[in-house]
Amino acid sequence: EEEEAMAALMAKAVATQSARIDLRLSQLDQLCAAVRSQRSSLEHDRHVLFAERLSLERRKIIATEQLKAQFQAKQQQQQQQPEPPQHEPPNMVAITLAPSPAVKAEEAPDVKMHEAHNGSGQ
């Protein structure tokens, strides 16, 4: 009888250990599934990030090319337009001073200043 009791206890201990191992394996399977899911999500996010960076780089290149083209077109346009002639400054400058409100119109002097390059005064 004692041997039967020992065998029953041993079987119960083995069954308990087996159940604990099965539970741990189940938890490990769940953990592996969660890791695979996160890995898949990270891989997807990595592909999305790569595509966004590639798109940004392409847009940057296109914008740079457009700016270069605009700059070159502006330079060509400026080169094709004749330069405006350089005008000599006028020989005379006339300035008329308006009378102040306190001075009567007939008393206000009409002052004109004429200046020529030769300094003749007219």
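Conventions used here
- Residues numbered from 1 in each chain as written.
- Predicted model: local features only at pLDDT ≥ 70, side-chain atom pairs only at ≥ 80, totals over all residues.
- Heavy atoms only, no water.
- Patch = residues over 30% accessible without salt bridge, like charges linked within 9 Å, V, L, I, M, F, W, Y side chains within 5 Å.
- Areas by Shrake-Rupley, 256 points an atom, 1.4 Å probe, with all protein chains shown as cover.
- Salt bridge = Lys/Arg side-chain N within 4 Å of Asp/Glu carboxyl O.
- Helix = DSSP H or I, 4+ residues; strand = E, 2+ residues; numbered from the N terminus.
- Buried < 20%, exposed > 50% of the residue type's maximum accessible area, 1.4 Å probe, protein only.
- Lys, Arg positive; Asp, Glu negative; His and termini not counted.
- Charge placed at Lys NZ, Arg CZ, Asp CG, Glu CD.
- pLDDT = per-residue confidence, 0-100.
- Contact = heavy atoms within 4.5 Å.

Observations regarding a nonpolar patch on the surface
Together, I21, L25, L28, L31 and V35 give the surface a local cluster of nonpolar side chains, amounting to about 450 Å² of exposed area. Considering the arrangement of structural elements, one finds V35 in helix α1 (residues 2-80). Given the relative accessible area of 41%, V35 is considered partly exposed.

Some remarks on a negative patch on the surface
On the surface, E1, E2, E3 and E4 cluster together to form a negatively charged patch. Tracing the backbone shows E4 in helix α1.

Some thoughts on the confidence of the model for the protein chain
If pLDDT is low for a region, its predicted coordinates should not be looked at in detail. Mean pLDDT over the protein chain works out to 82, with 66% of the residues at or above the 70 mark. Taken as a whole, residues 111-118 scores under 50 in pLDDT and shows 20 contacts with residues more than four places along the chain or in a different chain.

Topic: the pattern of salt bridges
For the structure shown, the criterion picks out two salt bridges. Its salt-bridge partner being E43, residue R46 comes within 2.6 Å of it at the nearest N-O pair. Of the two residues, R46 and E43 both sit in helix α1, three residues apart, roughly one turn of that helix. Residue R46 is classed as exposed on the basis of its relative accessible area of 51%. Overall, E43 belongs to the partly exposed group, its relative accessible area being 34%. Note that E57 is salt-bridged to K60, the shortest N-O span being 3.9 Å. Placement of both E57 and K60 in helix α1 is noted, with a separation of three residues, approximately one turn of the helix. Here E57 falls in the partly exposed class, since its relative accessible area comes to 38%.

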